[in-house]
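Inside the fold
Chain residues, written in single-letter form:
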Amino acid sequence: MTRRGLHRLIRHPGPRRKAVVLGALGITVVLGLTATMVPLLADDDVSIPVVADTTATAVVQDGDNSVKSTLATCPARCDGNPRGGRDAVLAFMVTTLPANATNVRATLRVHAWQAFKATVSAHASNLDATAQRPAPERLASALDTVTGVAKGFNEWDVSGLVTGNGIWTVSLAQAGLDTRIYWASAENRSADLRPNLVLSYDVAGRPAPPPPSATLPPTAEPTRPPVSPSPSPSVSPSLSPTPARPTPTATRPPADSGACGKVSDKLVPSCGAWWGMYSPTNPQTWDHGRAVTDVEAQVGRKFDIVHRYHDFSNTGSNGAFPDAYQQQQMREGRLMFFAWESRVFSSGTVLTWKDVYSGRYDETIDAVAGRIRAVGQPVFIGFDHEPEDEPAKGSDADFVKAWRYVHDRFAAANVRNAVWVWTMMGWSGHYDRYAGLYPGDRYVDWVAWDPYNFHVCNGSTVWKSPSTTVGSFYRWLDEKGIGAGKPRMLAEFGTNFDANDPNAKRRWFEEFPAALKAHPKIKAAIYFNSPGMTTTTKTCNMTMNHDAAALAGFTAAGRDSYLRQPTGGSR
């Protein structure tokens, strides 16, 4: 069957319609009690939540093992990758269909944020919906097909699969559009957008007696280190409903190792987050080492990441990086983040992105690539942070072309230790541009943005909490699916003080670790400690050490166990 995507529930007229509430994993479901019979007597269909979902793909995991709030579909050739296909896999558990239920009808509903000229079909699946990134399977014949994905909920008739009690798993496969479509998953922050199943049926004769009580064992609570972000549940209950057909099977989710202190080859810590610093160098000494160690002495710890900005001059500390100071910092256990800007600092020359991808600066690119390769350990590198604020350099498409050009020259030079960080402002006024500024998943390892609580520094009177400061773009990324599955970084962040509340900045810093824990995909946060980023006045100072209260709050944040990695600088 084929139809266009719909936003509404499909109503099935007929006598004696019943609606079933499906149980969820880890919840005790007692059948036959009066309370559980109430949904069975409802007149309207009921929206039922998914119990597990995942995206099946052969694309290699990028290191972010956190819970995903989106699912993806894409044909075998996806975004230029001939093996980039993705299928969305969703599992539902039916436990309360009476034995005399007939004409069972099931409608799968999944939410998309945009309309697409694509065909998406639903198939019975044998995959484990609790697994992380399982390999795609050869799909059976389509149960139903949506031709033309609608913005909002799309619906598939999966009645050919759901014929009785049991666990039923469906895969969604895409055709006709070779770029990804993102769908809301069970972990989406909005419960109204999560996948659901609508199940209805007729009853033959009088309702049969309900089945005996069946209790699902509760999900075991995994033991985790206190600094770990909330991963997927580590233990699933043992389920034994008898399905009406043998295709679906109950499966266990992967176990949570609970191990901290491990770092992926893309520099993703296994739990918690890196704590970093950009600190400007004193122009009287140009001692880039002391720029960091002086702040470390104030806060009583080493920073995990040292962030510095470099240019295309290929000379001196500005362009010939990593320099001797950075080499020493790496020997002492810190990670480097090179923010590489297409300009020449000393002369004020601004390069265009066309200058970069035309080959004019190949000698510079290749020289930097050679020095990065010689480091012999992973380093963060970003090309032209905040490009949305650089209109003189070219179009958004020019930026993407330049980014890919630089990345590909590094790859051609056999640079395997560069970890690519795509850094945007994260301002809502540019939300319509970020998809066009994204170079593509294979060109990006981390997604970063630069959130600030400017308060009166930018003319506003609004004081933003740490969670509000970091959360807006975080949620937007979740909703739009840009860089889905990749670790996130606050490449710069900062806060002003409140002239009317001397302790507000201290409290802001003290609350900051909790904001990171509430946004667990953020795996690194780097403070931008420059007084020159705004006009410093009696009501505006963005540095973390401009007074004793601010310094005390920042020091307390850096002592939080979430930011004390057992590897790297904080040891």
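Below is a short write-up of the structure. Worth saying up front: this structure is predicted, and the values here are computed from it rather than measured.

**Re the state of the cysteines**
Scanning the model with the defined rule gives 2 disulfides in all. Residue pairing for C74: its cysteine sulfur links by disulfide to C78, the two sulfurs lying 2.1 Å apart. Given an S-S torsion of about 100 degrees, the disulfide between C74 and C78 has right-handed geometry. C74 gets classed as buried once you look at its relative accessible area, which sits at 2%. By relative accessible area, which is 2% here, C78 ends up buried. C457 shares a disulfide with C540; S-S distance 1.9 Å.

**Quick look at the layout of surface pockets**
Estimates place the volume of the second largest pocket at around 650 Å³. Taken together, 30 residues make up the lining of the second largest pocket; nearest its centre are M425, D450, P451, Y452 and F454. Of all the secondary structure elements, the ones that give two or more residues to the lining of the second largest pocket are β22 (452-453) and α9 (466-480). The leading source of residues in the lining of the second largest pocket is α9, at 5 residues. Classifying every residue of the lining of the second largest pocket gives 12 nonpolar, 13 polar and 5 charged.

**With respect to unusual backbone geometry**
The omega torsion of the bond from F321 to P322 falls at 0 degrees, within 30 degrees of zero and hence cis. Structurally, P322 can be placed in the loop between α3 (316-319) and α4 (324-331). We note that D79 has phi near 50 degrees; this positive angle belongs to a residue other than glycine. By secondary structure assignment, the location of D79 is in the loop between β5 (70-73) and β6 (86-94). Phi at N314 is positive, roughly 60 degrees, even though this residue is not glycine.

Cut-offs used in this document
- Residues numbered from 1 in each chain as written.
- Predicted model: local features only at pLDDT ≥ 70, side-chain atom pairs only at ≥ 80, totals over all residues.
- Heavy atoms only, no water.
- Disulfide = S-S within 2.5 Å.
- Buried < 20%, exposed > 50% of the residue type's maximum accessible area, 1.4 Å probe, protein only.
- 1 Å grid on protein atoms, 1.4 Å probe; cavity = no way out; pocket = protein on both sides within 12 Å on 5 of 7 lines; lining within 4 Å.
- Points joined across faces, edges and corners; volume = space filled by probe spheres on them.
- Helix = DSSP H or I, 4+ residues; strand = E, 2+ residues; numbered from the N terminus.
- Nonpolar A, V, L, I, M, F, W, Y, C, P; charged D, E, K, R; others polar.

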